[in-house]
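Coordinate analysis (summary)
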Amino acid sequence: MMELGLLVSAPGKVILHGEHAVVHGKAALAVALGLRTFLRLRPGDGERLRVHLPGVSVRREWGLAELSALRGRVTADFDESKSPSVEQLDVLKEFAGIAADASAPDSLAVLAFLYMCLAISAKYGDVPSVDITVWSELPTGAGLGSSAAYAVCLAAALLYACRAISCPLKDGEATARWTEDEMTLINSWAFQGERVIHGNPSGVDNAVGTWGGALRYQSGKITSLKRVPTLRILLTNTKVPRSTKVLVAGVKEKILKFPSIMNPVLDSIDAISQECQSVLEAMPTNPSPEYYPVLEELFDINQHHLNVIGVGHPSLDRLCRVTASHGLHSKLTGAGGGGCGITLLPPGQCSLLTLHKAVRVHSPPGCLIPVPQLTRWLLLPSSWQMPPRWPWKQPSETCVPVDLNAGRPTSGPPG
Ligand SMILES: Nc1ncnc2c1ncn2[C@@H]1O[C@H](COP(=O)(O)OP(=O)(O)O)[C@@H](O)[C@H]1O
Ligand SMILES: C[C@@](O)(CCOP(=O)(O)O)CC(=O)O
Ligand SMILES: [Mg+2]
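Since we're looking at a predicted model, the values are computed, not measured.

Attention shifts here to the coordination of the magnesium ion (ligand 3). Taken together, the protein donors to the magnesium ion (ligand 3) comprise Ser147 (OG) and His198 (NE2), at separations of 2.2 to 2.3 Å. One end of the pair, Ser147, is in helix 4 (residues 146–161); the other, His198, is in helix 5 (residues 180–198), with 51 residues separating them in the sequence. The class for Ser147 is buried, based on a relative accessible area of 13%.

See below:
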């Protein structure tokens with residue numbers, strides 16, 4: 001049995017430029033968000049592994065012997081450098097009672113959990129009896145990297161439970177971070193989780209979830225941005241559901257169908273990311289309005305490109321139109337097809353309240369809803385931390401750790 005519980009958390013992200021193009025080897029610029037996913041690991045009992053995922057209405061449990069037998073049935077080697085195979089995932093789906101073509105959030109969450117649990121235990125030793133609860137401040141499937149934050153938390157907790165990574169907390173310390181090597185291992189396993197959920201992820205989301213901050217990502221290379229000014233960015237959730245997996249596959253199909261038309265678009269998105277990076281690094285920490293026109297134009301051009309590669313949506317067009325009528329510039333963020341859009345807010349140009357009213361008034365019910373809980377400022381930078389070891393014998397209410405990045409107490413898991 002494990003002696004120690006654990007609470008880990010990982011942030012969501014906003015992609016400023018480079019979504020989709022990054023899947024095809026181009027650069028992306030992304031920043032961690034002050035909204036997080038949390039995972040609580042507690043020692044379990046009765047030789048069972050229990051998982052509670054309230055965000056996707058999942059409560060499942062399996063016997064450890066059952067999982068060990070399942071691992072034996074999945075013949076191919078598990079390794080963090082290899083993609084999960086169709087055969088492996090088929091066996092896991094059959095075991096979990098998930099339909100072969102299922103793409104519902106709960107199915108993908110359970111599949112990613114099972115794959116990561118079995119693969120990590122095959123490599124590092126059995127996962128002991130534990131209870132795992134994951135909850136999130138991030139909307140699911142809205143372009144803010146909830147899948148990656150989930151996978152990062154799972155990777156960290158499962159690697160810790162198998163003793164593949166240490167418990168870095170020293171007595172008396174409230175929070176700690178793992179070593180660079182341990183974080184690299186967490187990131188590589190989180191990428192496997194993303195592969196189960198997304199099919200063909202670039203790795204940018206799990207990189208931000210693991211390392212936090214503002215970074216440039218290209219073909220697995222992570223570069224921390226040298227200087228990032230404080231940008232005010234409005235996040236609007238269109239609440240139009242979509243699946244990253246489906247959108248990424250759609251873009252691939254378009255590139256295969258029209259390579260000579262689509263590849264130049266991807267090259268242009270790449271150039272936008274380069275240009276944006278240069279502008280950001282040349283801007284002062286608190287930029288005045290005259291620094292914004294180039295950033296705004298880059299938003300507009302990229303939004304057009306994203307429409308061309310087929311990941312736009314009428315709700316996002318509407319967001320762009322409404323904000324444009326206030327002199328503001330927006331683009332989708334993440335996989336698109338609905339989900340969230342971002343709007344640059346130059347200092348002192350438009351009050352947030354006016355904007356809330358504008359977006360709400362112009363949107364049909366249930367479509368563009370920038371309700372206050374979903375409308376947040378980006379906190380730049382927001383690096384990932386491991387909050388305290390969970391003193392599992394005490395009632396959880398008395399030992400809720402503080403998320404230092406966001407500067408406010410974290411909530412406990414719902415329900
Ligand atoms: N808190 C969570 N608990 C369990 N699964 C989650 C959670 N957050 C995200 N997921 C998984 O990630 C999927 C959403 O991933 P995706 O389509 O990439 O959207 P995004 O990453 O933009 O939120 C969900 O369908 C679900 O399987
Ligand atoms: C579209 C993409 O560039 C980002 C997807 O982000 P999200 O899952 O929509 O948060 C895919 C990827 O980089 O793996
Ligand atoms: Mg995702």
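What follows picks up the thread again.
With that settled, consider the site of ligand 2. Close to ligand 2 lie 19 residues; Lys13, Gly145, Ser202, Arg242 and Thr244 are nearest. At 3.0 Å, a backbone N or O of His20 approaches an oxygen atom of ligand 2. Contact between ligand 2 and Gly143: an oxygen atom at 3.3 Å from a main-chain N or O atom of the residue. Spatially, ligand 2 is embedded in the largest pocket.

This next bit is on the layout of surface pockets. In this structure, the largest pocket encloses a volume near 920 Å³. The set of elements that each furnish at least two residues to the lining of the largest pocket consists of strand 1 (6–17), helix 3 (105–124), strand 5 (130–136), helix 4, helix 5, helix 6 (204–211) and helix 7 (244–257). Considering only residue class, the lining of the largest pocket consists of 24 nonpolar, 18 polar and 6 charged. Here the lining of the largest pocket spans two domains, since at least three of its residues come from each of domain 1 (6–221 + 380–409) and domain 2 (228–374).

Lining the immediate environment of ligand 1, one finds 19 residues, of which Pro105, Gly141, Gly143, Ser146 and His198 sit closest. Within the contact set of ligand 1, an oxygen atom lies 2.5 Å away from a side-chain nitrogen or oxygen of His198. With the chains in place, 96% of the 560 Å² that ligand 1 exposes on its own is no longer accessible. If you map ligand 1 onto the pockets, it falls in the largest pocket. Elements with a contribution of two residues or more to the shell around ligand 1: helix 3, helix 4 and helix 5. Per-class residue counts for the shell around ligand 1 are 9 nonpolar, 9 polar and 1 charged.

Bringing the packing of aromatic side chains into the picture now. Following the criterion strictly, the structure yields 4 aromatic pairs and no others. Aromatic pair Phe38 and Trp135: ring centres 5.6 Å apart, planes at 20 degrees, arrangement stacked. In this pair, Phe38 sits in strand 2 (residues 28–43) while Trp135 sits in strand 5, placing the two residues 97 residues apart along the sequence. Trp135 matches Phe38 in its accessibility class, with the two residues each being buried. Summarising the aromatic geometry, the rings of Tyr124 and Trp189 are spaced 6.3 Å apart at their centres and angled 75 degrees between planes, so their arrangement reads as edge-to-face. Here Trp189 lies in helix 5 and Tyr124 lies in helix 3, a separation of 65 residues in the sequence.

A few words now on the sheet that holds strand 10 (residues 340–344). Across a sheet, strands are paired by hydrogen bonds formed along the backbone, either parallel or antiparallel in direction. The strand order across the open sheet built from 3 strands is 8-10-9, with neighbouring strands paired in antiparallel fashion. Both edges of this open sheet fall to strand 8 (233–237) and strand 9 (329–332), since each of them pairs with a single strand only. Shown here is a sheet whose adjacent strand axes are inclined to one another by a mean of 25 degrees, direction ignored. Sheet topology note: the strand 8/strand 10 ladder contains 5 bridges and is antiparallel. Its bridge partner lying in strand 10, Ile233 is registered against Leu344.

Now for the environment of His20. Secondary-structure assignment places His20 in the loop between strand 1 and strand 2. Put simply, His20 and Leu247 are 227 residues apart on the chain and 8.8 Å apart in space, counted from C-alpha to C-alpha. Not counting chain neighbours up to four residues away, the residues in contact with His20 comprise Leu247, Val248, Val251, Leu306, Ile309, Val311, Gly334 and Ala335.

Right, let's talk about the domain arrangement of the protein for a bit. According to the domain assignment, the protein contains domain 1 (6–221 + 380–409) and domain 2 (228–374). Taken residue by residue, the interface counts 30 residues in domain 1 and 39 residues in domain 2. Of the roughly 2700 Å² buried between domain 1 and domain 2, counting both surfaces, carbon and sulfur atoms make up 66%. Run the count over domain 1 and domain 2 and you get 2 salt bridges. A salt bridge links Lys26 to Asp267, with the shortest nitrogen-to-oxygen separation between them at 2.7 Å. The interface formed by domain 1 and domain 2 includes 13 residue pairs in polar contact (both at pLDDT 80 or more). Looking at the side of domain 1 that touches domain 2, the elements that each hand over two or more residues are strand 1, strand 2, helix 5 and strand 6 (214–218).

Moving on, we come to empty space enclosed by the protein. Applying the stated criterion across every chain, the model contains 2 cavities of 30 Å³ or more. Approximately 30 Å³ is the volume found for the second largest cavity. What lines the second largest cavity is simply Leu16, Leu231, Ile233, Cys276, Leu295, Phe299 and Leu344.

Okay, unusual backbone geometry next. Positive phi, normally seen in glycine, also occurs at Glu47, with a value near 50 degrees. When its relative accessible area of 56% is taken as the criterion, Glu47 is described as exposed. You will see that Arg163, though not glycine, has its phi angle at about 65 degrees, which is positive. According to the relative accessible area criterion, Arg163 is exposed, its value standing at 61%.

Cut-off values and rules
Residues numbered from 1 in each chain as written. Chains lettered and ligands numbered in written order. Predicted model: local features only at pLDDT ≥ 70, side-chain atom pairs only at ≥ 80, totals over all residues. Heavy atoms only, no water. Donors = N, O, S within 2.8 Å, 3.2 Å for Na, K, Ca; no water. Helix = DSSP H or I, 4+ residues; strand = E, 2+ residues; numbered from the N terminus. Buried < 20%, exposed > 50% of the residue type's maximum accessible area, 1.4 Å probe, protein only. Near = heavy atom within 4 Å. Polar contact = N/O pair within 3.5 Å; in protein donor to acceptor, adjacent residues only side chain to side chain. 1 Å grid on protein atoms, 1.4 Å probe; cavity = no way out; pocket = protein on both sides within 12 Å on 5 of 7 lines; lining within 4 Å. Sits in = over half its atoms within 2 Å of the grid points. Points joined across faces, edges and corners; volume = space filled by probe spheres on them. Nonpolar A, V, L, I, M, F, W, Y, C, P; charged D, E, K, R; others polar. Domains from an automatic or database assignment. Areas by Shrake-Rupley, 256 points an atom, 1.4 Å probe, with all protein chains shown as cover. Phe/Tyr/Trp six-rings, centres within 6.5 Å; stacked < 30°, edge-to-face > 60°. Pairing = 2+ DSSP bridges. Axes fitted to C-alpha atoms, helices over the stretch in contact; angles between N-to-C directions. Contact = heavy atoms within 4.5 Å. Buried area = accessible area lost by both parts, 1.4 Å probe. Salt bridge = Lys/Arg side-chain N within 4 Å of Asp/Glu carboxyl O.

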